[in-house]
Structure formats: structure tokens, C-alpha cells
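# Architecture and fold: a report
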Amino acid sequence: MSRVNPQIEDSWKEVLTDEFNKPYFEQLKHFLIEEKRHYAIYPPGQLIFNAFNQTPFNKLKVVILGQDPYHGKGQAHGLSFSVPDGVLPPPSLQNIFKEINTDVGTPTPQSGNLTRLAEQGVMLLNAILTVRAGKAATHHDRGWEHFTDTVIQKISEHRSGVVFLLWGKYARNKKVLIDRGKHLILEAPHPSPYSAGYGFFGCKHFSKANEYLIKNGSEAIEW
């Protein structure tokens, strides 16, 4: 079996080395190679682990969990809910900006690029890290969920004082992987236009996260 050696930030590589060498990850790699032979895959290969590369394991403070990448051309760049500069923010991201503005007063930014948050320690993690162009959830149940569940467990086990923002049923189901005694879990409906009005708006997760971080000796996030 060939060794899988993804381009991922060193602190994460150390934490996840065993995972990369398990049979399921080898199968996932071969699945992606085959997919790329026939379809466009998002995000581009060098950005699949962007959430890890922008937010090193030993610097992360907050995890925002998404489901799978945007499947429109040019939208996905490896950070959950985020889009590159020059791409119109999708509705869920627009609602996140509205709640941030209401909660902590940050003006709505011109760009939907959340790299500035990732660089402050906000890990923008999708449970599934790739998708076929134009077709949502096409890489569901191929191994990514196993991988990212392990990522969440590793954070829970080896770090303390991390804030997990779980929006929507899919993300909230991941709370069983997190030690509540060591971390803060904040839950709300998904920021999608279909559900934001049922409790995402007004959840104040951004100020609550900062209060917890400060209380635990970390710097607040500039949302």
C-alpha cells in the first residue's frame, strides 16, 4: 500500500499521521483520483486541507463545522461557509454576517473570504472536504466523515478551552465527539434562509465565544 502524504500543516500532520495511513484513507485517495478523471472536483487540490493549513492545531480556539463544500464554480476554497474574494457571499454566509453585526457590531464586510478568521484561530471545518462540481453531497460516505470525526475527537482530547459552534442538525450530531468538561459547545439552527429565523438570529454565539475565550486566558476573536 502506498503511503499517503497530504500537504498539510506540520502540527496537524503530527496529530493525524496514523489516520493518513489507515486503509479507509487510502481508499478515499483512490476514489478522488478516479473522480478527477471524470469530473471537476471542488475545492482545487491544493486547498482541500486549507482549514488545517490556515489554523494550526496548537493555535485553534474555535471550530465552526459545516457539512460539505460549495459546489458552484469558484466558490469553495477549503474553509466552511467562506468564499474567495470577488465571489458573492451565499445566503447562509450573509446571515452569519448579519448575526455578527447584531451581536458584536462588526460591519458587514465586502468580501465573503473568512481567511482573516481562520488566521485568528477559527477553524472553518467541513465534515466532507470535497465535492463534485454542481452536485451537493456527492462525496458523502466516502471516508471524509470518518476523517473529520477523528479530527474533532483529537481536538477534544488534546486541547482544552476550545469553542465549538454547531449550527443545524448535522453539525449538532457531532457533539457526542466533544468533551463538555473541557470545551464549550454552542448550538443553534443552521444560518440557511430556511432556518435562520428559528434561533440562529439572536443566538449571540460570537460574543459568547469571546467571553469564554477571555475567561480561559485566550484573546478574543475579531469577528
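Structure: above.
Here's what I pulled together on the structure shown here. (Residues numbered from 1 in each chain as written. Predicted model: local features only at pLDDT ≥ 70, side-chain atom pairs only at ≥ 80, totals over all residues. Heavy atoms only, no water.)

### Side note on helix 1 (residues 10–20)
Inspection of helix 1 places Ser11, Trp12, Val15, Leu16, Glu19 and Phe20 among the buried residues, and these make up the whole buried set. End-on view of helix 1: buried residues confined to an arc of 145 degrees, all on one side of the axis. The outward face of helix 1, more than 90 degrees from its buried face, is lined by the exposed residues Asp10, Glu14 and Asp18. (Buried < 20%, exposed > 50% of the residue type's maximum accessible area, 1.4 Å probe, protein only. Helix = DSSP H or I, 4+ residues; strand = E, 2+ residues; numbered from the N terminus. Arc of directions from axis to C-beta.)

### Quick word on the packing of helix 2 (residues 23–38) against helix 6 (residues 144–158)
The contact between helix 2 and helix 6 brings their axes to 9 Å, and the two run at 130 degrees. Considering their axes alone, helix 2 and helix 6 lie oblique with respect to each other. Where helix 2 crosses over helix 6, the two elements pack in a sense that is left-handed. Facing Tyr24, Phe25, Leu28 and Leu32 of helix 2, the residues of helix 6 in contact are Trp144, His146 and Phe147. Looking at the contact of helix 2 with helix 6 residue by residue, the class counts come to six nonpolar, one polar and no charged. (Axes fitted to C-alpha atoms, helices over the stretch in contact; angles between N-to-C directions. Parallel < 35°, antiparallel > 145°, perpendicular 65-115°, else oblique. Left-handed = near helix turned anticlockwise from the far one by under 90°. Contact = heavy atoms within 4.5 Å. Nonpolar A, V, L, I, M, F, W, Y, C, P; charged D, E, K, R; others polar.)

### Points about unusual backbone geometry
Peptide bonds are, in most cases, trans, and in most cases residues other than glycine have a negative phi. Cis geometry marks the peptide bond from tyrosine 42 to proline 43; its omega dihedral reads -10 degrees. As for its position among the elements, proline 43 is in the loop between strand 1 (41–42) and helix 3 (50–54). Here aspartate 141, not a glycine, exhibits a phi torsion of approximately 60 degrees, which is positive. Note that aspartate 141 resides in the loop between strand 4 (131–132) and helix 6. If you check the backbone angles, lysine 204 has positive phi at about 55 degrees while not being a glycine. Here lysine 204 is to be found in the loop between strand 6 (184–188) and helix 8 (205–215). Judged by its relative accessible area of 40%, lysine 204 is partly exposed.

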